[in-house]
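Working through the structure, step by step
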Amino acid sequence: MIGIIEWVVYFLSYFMAGLSLKTGDDLLDEYEQPNLSWIPLALSGLLFGVIMTVSEWDLVLMVSIIIGVIISGKVNRHQYVIGFALIFITVLWLGIPPITGILDWVTILMTLFLAAVLDERGNDWADRNVSPRAYTFFKYRFTLKTSILLLSIPWPLLLPTAIGLWIFDLGYEVAGWIVKGLIK
């Protein structure tokens, strides 16, 4: 049985992974400070790796996000290498969690991957002036967050991971607000 401290650490890991990823992204893309981006991207990679080793459900979410951003062309700077290296090292060190049903796992992976790609592409395509609702929907990546909640119905053990994704995104948004406030 998981205690309250484990749940706090679990969800805090998701929050910090989102916070550090967005900080690194913004330092690269928005504020052109690539030398400052290495540390948050390294922390994000470490946290992604740790989260991926918690359960098969966390693994499938993070793998779908990673594949989605790579396929969408969002990994476009060499600073991201530190994060990927730490993901790989952490997962090798801590071990891949057992996957109980490979067909279920692959089904979830493909669904979440498609949702992640749609969110990434939709974020690029949606125009605030043409369709404010679509713009907001994709800006906050609701395709992936809604998909994982819906997938939690047939796979209830996915629910903590779904909540983790929403907390990850909260960390991502908080970082955007903080970095905008600090670097003008």
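Residues numbered from 1 in each chain as written. Predicted model: local features only at pLDDT ≥ 70, side-chain atom pairs only at ≥ 80, totals over all residues. Heavy atoms only, no water.

A few points about the overall build of the chain
Heads up, the condition is: Put simply, DSSP marks the helices as runs of H or I at least four residues long and the strands as runs of E at least two long, and each gets a number from the N terminus on. It is over C-alpha atoms that the radius of gyration is taken, and the globule rule equals 2.2 Å times the number of residues to the power 0.38. Note on exposure labels: buried denotes an accessible area under 20% of the residue type's maximum, exposed denotes more than 50%, and partly exposed covers the range between, all computed with a 1.4 Å probe on protein chains only. Contacts are assigned to residue pairs that have any heavy atoms within 4.5 Å of one another.
Of the regular secondary structure elements, the chain holds 8 helices and 0 strands. In terms of C-alpha radius of gyration, the chain reaches 16 Å, essentially the compact-globule figure of 16 Å for 184 residues. Structurally, the chain occupies a C-alpha span of about 45 × 40 × 30 Å along its principal axes. Across the 184 residues in the chain, those meeting the buried criterion constitute 48%. Put simply, of all contacts in the chain between residues at least 6 apart along the chain, 71% involve residues at least 24 apart.

With respect to helix H7 (residues 142-151)
Looking at H7, one finds that the buried residues are Thr143, Leu144, Lys145, Ser147, Ile148 and Leu151. As for H7, its buried residues are in contact with helix H3 (56-71), helix H5 (102-125), helix H6 (132-139) and helix H8 (159-182).

Quick look at unusual backbone geometry
Phi at Arg141 is positive, roughly 55°, even though this residue is not glycine. Of note, Arg141 is situated in the loop between H6 and H7.

What about the nonpolar core?
Inside soluble globular proteins, nonpolar side chains tend to come together where they are buried. This is how it is decided: Residue types Ala, Val, Leu, Ile, Met, Phe, Trp, Tyr and Cys, when buried and joined through side-chain atoms within 4.5 Å, form a set referred to as a nonpolar core.
Phe48, Met52 and Ile108 are the most contacted members of the largest nonpolar core, which has 37 residues in total. Of all the secondary structure elements, the ones that give two or more residues to this core are helix H1 (4-29), helix H2 (34-52), H3, helix H4 (80-94), H5, H7 and H8. If one sorts the elements of this core by residue count, H3 sits on top with 8 residues. The contacts of Phe48, once residues within four sequence positions are left out, are Ala17, Leu21, Met62, Ile65, Ile66, Ile87 and Phe168.

Thoughts on H5
As a reminder of what qualifies: How far a helix is expected to stretch is found by multiplying one less than its residue total by 1.5 Å.
Taking 1.5 Å as the rise per residue, H5 with 24 residues should run 34 Å; its terminal C-alpha atoms sit 34 Å apart, in good agreement. Of all the residues in H5, the buried ones are Trp105, Ile108, Leu109, Leu112, Phe113, Ala115, Ala116, Val117, Asp119, Glu120 and Gly122. Contacts from the buried residues of H5 go to H3, H6 and H7.

As for the environment of Asp119
Applied cut-off: Two N or O atoms count as a polar contact when they lie within 3.5 Å, although within protein this holds only if one can serve as hydrogen donor and the other as acceptor, and sequence-adjacent residues are included solely when both atoms are side-chain atoms.
The topology assignment puts Asp119 in helix H5. With relative accessibility at 2%, the residue Asp119 sits in the buried group. Residues Asp119 and Tyr140 lie 21 residues apart in sequence; the distance between their C-alpha atoms is 8.4 Å. In terms of polar contacts, Asp119 uses its side chain to reach the backbone amide nitrogen of Leu144, at 2.8 Å.

Side note on the pattern of salt bridges
Charged atoms that come close allow side chains of opposite charge to pair. What counts is decided by this rule: What makes a salt bridge here is a side-chain nitrogen of Lys or Arg within 4 Å of a carboxyl oxygen of Asp or Glu, nothing more.
Counted according to the given criterion, the structure contains 4 salt bridges. Residue Arg77 is joined to Asp29 by a salt bridge in which the shortest nitrogen-to-oxygen separation is 3.5 Å. On the criterion of sequence distance, the pair formed by Arg77 in the loop between H3 and H4 and Asp29 in helix H1 is long-range, its members being 48 residues apart. The exposure class of Arg77 is partly exposed, given its relative accessible area of 30%. The closest approach of N and O atoms between Lys145 and Asp169, which form a salt bridge, is 2.6 Å. Of this pair, Lys145 sits in helix H7 while Asp169 sits in helix H8, placing them 24 residues apart in sequence. The two residues Lys145 and Asp169 agree in class, both being buried.

What about a nonpolar patch on the surface?
Counted only if it meets this: Patch membership requires more than 30% relative accessible area and the absence of a salt bridge. Residues of like charge join within 9 Å; the nonpolar side chains Val, Leu, Ile, Met, Phe, Trp and Tyr join within 5 Å. The protein chains shown are the only cover counted for residues, whose accessible areas, like all others here, come from Shrake-Rupley with a 1.4 Å probe.
A contiguous nonpolar patch, built from Ile4, Ile5, Val8, Val9 and Leu12 and spanning about 520 Å² of accessible area, is present on the exposed surface. Assignment of secondary structure puts Val9 in helix H1. Classification of Val9 as partly exposed rests on a relative accessible area of 48%.

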